[in-house]
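Take a look at the letters that make up each chain.
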Amino acid sequence: FANNIKNYLVARNLDGVDIDWEAPAKGANQVNYGLLIDDLYAALHPIGKKITAAVNPWTKEIPVPATQKMDWVNVMCYDFDYANHSTYAASTDGMDQWQYYGVAKDKLVMGVPFYGRGWTGVPSTNNGLFQSATAPAPAPLEAGIFDYKVLAGMSGFTRFFNEEAKVPWMYNPQTGVMISYDDP
């Protein structure tokens, strides 16, 4: 596998590979993750190709020694749960956790989403914030998920800002749709 990746990168003059094996189960998968990174490092490092990985902010299932063979670690500071898919506090906690695990600060990259999660059937109490919902809101590509460019052009919504989470949300009282999102 590592040699196939190497050949692919060389043939297309690419910089490296990003491994997105999210939360490998403990035990054999954890060991195999480490072996995969070892093999990739042996194949790619001598020719100057990069190895990166997308990781969950709080998992201990990615072997920390494997991260020492990576050029950087992309910490996915989003999709924590569907109600609060990205908050400032959760993001900084996730980054701090990887440093606590022993990953060098200069290898950590904070992944930030520029999309929103939307819900329908949301009561108007507190302008929809922290309220129950009946289902994901209808959206152009996938129910409940809105690209930022779509959010920017939506009408009928009022924008609010949560100081604690440091993120905005939008609410439309006529449709009962609430969208939590990140903005540039």
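Figured I'd write up the structure that's included with this text. (Residues numbered from 1 in each chain as written. Predicted model: local features only at pLDDT ≥ 70, side-chain atom pairs only at ≥ 80, totals over all residues. Heavy atoms only, no water.)

The next subject is the overall build of the chain. What the chain contains, in helices and strands, is five helices and ten strands. Summarising its shape, the C-alpha atoms of the chain cover approximately 60 × 35 × 30 Å along the three principal directions. By sequence separation, contacts in the chain at least 24 residues apart represent 56% of the contacts at least 6 residues apart. For the chain, the distance from the average position of its 13 positive side-chain charges to the average position of its 19 negative side-chain charges is 7 Å. (Helix = DSSP H or I, 4+ residues; strand = E, 2+ residues; numbered from the N terminus. Contact = heavy atoms within 4.5 Å. Lys, Arg positive; Asp, Glu negative; His and termini not counted. Charge placed at Lys NZ, Arg CZ, Asp CG, Glu CD.)

The final tally for this structure, using the stated rule, is two salt bridges. Salt-bridge contacts for aspartate 38 lead to lysine 69; the nearest nitrogen and oxygen are separated by 2.8 Å. Of this pair, aspartate 38 sits in helix H2 (residues 28-44) while lysine 69 sits in the loop between helix H3 (64-67) and strand S3 (72-76), and the two are 31 residues apart along the sequence. We classify aspartate 38 as partly exposed; its relative accessible area is 32%. (Salt bridge = Lys/Arg side-chain N within 4 Å of Asp/Glu carboxyl O. Buried < 20%, exposed > 50% of the residue type's maximum accessible area, 1.4 Å probe, protein only.)

This next bit is on the environment of alanine 23. Here alanine 23 lies in the loop between strand S1 (16-19) and H2. In this structure, the C-alpha to C-alpha distance between alanine 23 and glutamate 61, residues 38 residues apart in sequence, is 5.7 Å.

Once that is clear, we can look at the packing of helix H1 (residues 2-11) against H2. Where H1 contacts H2, the two axes come as close as 9 Å, and the packing angle between them is 40°. Classified by the angle between their axes, H1 and H2 sit oblique to one another. The element H1 and its partner H2 pack so that their crossing is right-handed. Of H2, the residues touching H1 (which contributes Ala2, Asn3, Ile5, Lys6 and Leu9) are Asp39, Leu40, Ala43 and Leu44. Considered class by class, the residues forming the contact of H1 with H2 number six nonpolar, one polar and two charged. (Axes fitted to C-alpha atoms, helices over the stretch in contact; angles between N-to-C directions. Parallel < 35°, antiparallel > 145°, perpendicular 65-115°, else oblique. Left-handed = near helix turned anticlockwise from the far one by under 90°. Nonpolar A, V, L, I, M, F, W, Y, C, P; charged D, E, K, R; others polar.)

Time to look at the pairing of strand S9 (residues 167-172). In terms of residue burial, S9 counts as a mostly covered element, since six of its six residues are buried. In terms of strand pairing, strand S8 (residues 158-162) meets S9 through five bridges, oriented antiparallel. The partner of phenylalanine 161 across the bridge, within S9, is proline 168. Two successive antiparallel strands, S8 and S9, enclose a turn made up of four residues, where lysine 166 displays a positive phi of approximately 65°. (Pairing = 2+ DSSP bridges.)

Residues Ala2, Ile5 and Leu9 constitute the buried set of H1. Buried residues of H1, seen end-on, are gathered within an arc of 60° and therefore sit on one face of the element. Opposite the buried face of H1, by more than 90 degrees, sit the exposed residues Asn3, Asn4 and Ala11. Among the structural elements, S1 and H2 are those in contact with the buried residues of H1. Phi turns positive one or two residues past the end of H1, at asparagine 13, with a value near 55°. (Arc of directions from axis to C-beta.)

Just distances and angles here, no functional claims.
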